[in-house]
Amino acid sequence: MKQIAYSLFFVMACLLSSCKSGPVTPKATGFAYEIVVVMDESDWKGAAGEAINDELTAPIPYLPQPEPCMRVTYAPPVHFNGLLTYVRNILIVDIDPTVYTKVSFNSEANRWASNQWILTMKAPSAEAITEYIAQNPTTLTDFFSNKEIDRAVATLDDAYSTLVKEKLRANHDLDMNAPESMAFYKDTTDFFWATNNANTGRMDLVVYTFPYESKNTFTPEYLIAKRDSVMKANMPGAFPGSYMATETRLGVGYSAITVQGKYCGVMRGLWKMVGDMMGGPFVSHIRLDEKNQRVVVAEGFVYAPETSKRNFIRRMEASLFTLRLPGEFEVEGNEEK
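### Remarks on the pairing of strand β10 (residues 253–259)
In step 1: The pairing of β10 with strand β11 (residues 262–274) spans seven bridges and is classified as antiparallel. Bridge pairing in β11 places V259 opposite K262.
In step 2: Hairpin connection from β10 to β11: two residues lie between these consecutive antiparallel strands, with Q260 at a positive phi of about 55°.

Written out as C-alpha cells, the structure is:
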C-alpha cells in the first residue's frame, strides 16, 4: 500500500513539474528551402499569387542548371492548421484595403514551432503586391534564404570538422567551421584545401591568402585572375596538364556584404577543369586581414553531376560566414588574437 501511495505521489509530482515548465514546443518540420504560402485562394490563383510563386521558385543564379530558390506548398487559410503550422518557413499574405495603405512586412520567430520563421506580407490589394515584387524582385527569397543560412551556421557551430579548424588555426591564423565530413586535406604556406571526397555531392573548401596591395584588389577582374592563378598552381586535374579555372562565359557575380562589421566581397560563378569534363558552382568570401595586411579568400565549390546542387553550395556558403580573422576568434586561455 505504501508503495502504491509513493508511486502516485511520484506521478503527481512529475505532472506538476511538467505543468510548471509549460508545454513543450515542437521542432519545426520540413527540409531546408521549403516554404508554405498561406493566402486567399482567389488571390493565389491570380496575379498576386503568380508573382509570389514566380519569385520564390525563381532559378538560383550561377548554377549549371536551373534550380528553384524555394520549394513552395500552398495552403488556403481555412486549411492552414495542424502539421502545416510546424513548417520551418511560412509566408502569410494578408490583403485588406480597409487596414493597409501600402505593402509592409512583419517577421516572427518560433510562433508555432522552434527554429521557425514566419513572414507576414500585408497589402491593400493584389495589384500592390505585383507592383512591389516587380520593383523588389528578391525581397522574399532573400529573407528566407538568409534564415536558412543562419540555421546552417548554427548547425556548424555544434558539428564541424575539427581537422579543418585545427589546421587553419595552427598554420594560417584563421578560424572556420567546415562541414564535419571534411576529412581529407592539403596544406601549404598560403593555401589550404579540404574535401569530403564524396562520390555524390562532393563539397570542397579552399582558403588562400596573398599580400594586400591596393583597393583594386577588391574587383571581380583582379579576383578572377588571382583565383585562376592560385587554382592552376594548386588544384591539378586527374589528367596530365589539366587544372581548375573559372568559367567566365556565363558571367561571374560580385557583390559586397558586411561580415563581423567589415567589408566582405562575395564572388559567385562556375568552375571548370581545363583538360577534363568536370565542373560546378563556387562561392567565395574575400576579406582584408588588417593585422597581417593580407587578403583572405575562403571558397566553397561543389561537384555533383546529374543531381541538384542548391543545398550543397548553400551549405558551403554557410561555412564561409563562419570565417574569422585574427582578432575575431578566441585562442587558448580565452585571449583574442
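### A word on the side chain of E67
In step 1: Mapped onto the secondary structure, E67 falls in the loop between α3 (47–56) and β2 (71–75).
In step 2: One buried charged residue, E67, remains without a salt bridge, the closest side chain of opposite sign being K309 at 5.0 Å.
In step 3: Within the structure, the side chain of E67 is placed 3.0 Å from the backbone nitrogen of R310, a separation counted as a polar contact.

### Quick word on the layout of surface pockets
In this approach, a probe sized like a water molecule rolls over the atoms, and the result shows the empty space that is left.
In step 1: Taken as a whole, the largest pocket encloses approximately 770 Å³ of empty space.
In step 2: Lining of the largest pocket is provided by 30 residues; of these, P61, D142, R268, R314 and E317 occupy positions nearest its centre.
In step 3: Those elements that provide at least two residues to the lining of the largest pocket are α5 (139–158), β10, β11, β12 (279–289) and α8 (310–320).
In step 4: Looking at the lining of the largest pocket element by element, the count peaks at five residues for α5.
In step 5: Tallied by class, residues from the lining of the largest pocket come to 18 nonpolar, seven polar and five charged.
In step 6: The space that makes up the second largest pocket amounts to roughly 340 Å³.
In step 7: If you trace the second largest pocket, you find 14 residues lining it, with A32, R151, A152, T155 and R315 closest to the centre.
In step 8: At the level of secondary structure, the elements contributing two or more residues to the lining of the second largest pocket comprise α5 and α8.
In step 9: Ranked by residue count, the leading element in the lining of the second largest pocket is α5, at five residues.
In step 10: The class makeup of the residues in the lining of the second largest pocket is five nonpolar, three polar and six charged.

### Some words on the environment of Y74
In step 1: Structurally, Y74 can be placed in strand β2.
In step 2: Considering only alpha carbons, one finds Y74 and M203, 129 residues apart in sequence, at a separation of 32 Å.
In step 3: Not counting chain neighbours up to four residues away, the residues in contact with Y74 comprise V37, M39, D40, E41 and W44.
In step 4: Here the side chain of Y74 touches M39 through a polar contact of 2.8 Å, landing on its backbone oxygen.
In step 5: Within polar-contact distance, the side chain of Y74 engages the backbone nitrogen of E41 at 3.2 Å.

### Looking at the sheet that holds strand β3 (residues 89–95)
In step 1: As summarised here, the arrangement of the five strands in space is β2-β1-β3-β5-β4, forming an open sheet in which the pairing is mixed. Strand pairing shows two members of the sheet lacking a second neighbour, β2 and β4 (104–109), which therefore form its edges. With direction set aside, neighbouring strand axes in the sheet form an average angle of 20°.
In step 2: Summarising the sheet, strand β1 (residues 34–38) and β3 pair through three bridges and their orientation is parallel. Each residue of the ladder has a partner; that of V37, found in β3, is L91.
In step 3: With respect to the sheet, α3 is in contact with β1, β2, β3 and β5 (117–123), its orientation differing from that of β3 by roughly 155°.
In step 4: Each of β1, β3, β4 and β5 is contacted by α5, which is oriented at about 165° to β5, the strand it contacts most.

### Structural notes on α3
In step 1: For α3, the set of buried residues is A48, G49, A51, I52, E55 and L56. Seen along its axis, α3 keeps its buried residues to an arc of 160°; they face one direction.

### Some words on the packing of aromatic side chains
Each pair of aromatic rings is reported with the distance of its centres and the angle of its planes.
In step 1: Tallied over the entire structure, the rule returns eleven aromatic pairs.
In step 2: A ring pair is formed by F218 and Y263, whose centres lie 5.4 Å apart and whose planes are at 90°; its orientation type is edge-to-face. Of this pair, F218 sits in the loop between β8 (202–211) and α7 (220–234) while Y263 sits in strand β11, placing them 45 residues apart in sequence.
In step 3: Here Y263 falls in the partly exposed class, since its relative accessible area comes to 41%.
In step 4: Here the aromatic cluster, defined as three or more aromatic residues joined through ring pairs, consists of W117, F143 and F144.
In step 5: For K165, the ring lying beneath its charged end belongs to Y160, and the centroid distance is 4.9 Å.
In step 6: The aromatic ring of F282 is capped on one face by R227, whose charged end is 4.2 Å from the ring centroid.

Rules behind the numbers
- Residues numbered from 1 in each chain as written.
- Predicted model: local features only at pLDDT ≥ 70, side-chain atom pairs only at ≥ 80, totals over all residues.
- Heavy atoms only, no water.
- Pairing = 2+ DSSP bridges.
- Helix = DSSP H or I, 4+ residues; strand = E, 2+ residues; numbered from the N terminus.
- Buried < 20%, exposed > 50% of the residue type's maximum accessible area, 1.4 Å probe, protein only.
- Lys, Arg positive; Asp, Glu negative; His and termini not counted.
- Salt bridge = Lys/Arg side-chain N within 4 Å of Asp/Glu carboxyl O.
- Polar contact = N/O pair within 3.5 Å; in protein donor to acceptor, adjacent residues only side chain to side chain.
- 1 Å grid on protein atoms, 1.4 Å probe; cavity = no way out; pocket = protein on both sides within 12 Å on 5 of 7 lines; lining within 4 Å.
- Points joined across faces, edges and corners; volume = space filled by probe spheres on them.
- Nonpolar A, V, L, I, M, F, W, Y, C, P; charged D, E, K, R; others polar.
- Contact = heavy atoms within 4.5 Å.
- Axes fitted to C-alpha atoms, helices over the stretch in contact; angles between N-to-C directions.
- Arc of directions from axis to C-beta.
- Phe/Tyr/Trp six-rings, centres within 6.5 Å; stacked < 30°, edge-to-face > 60°.
- Lys NZ or Arg CZ within 6 Å of the ring centre and 35° of its normal.

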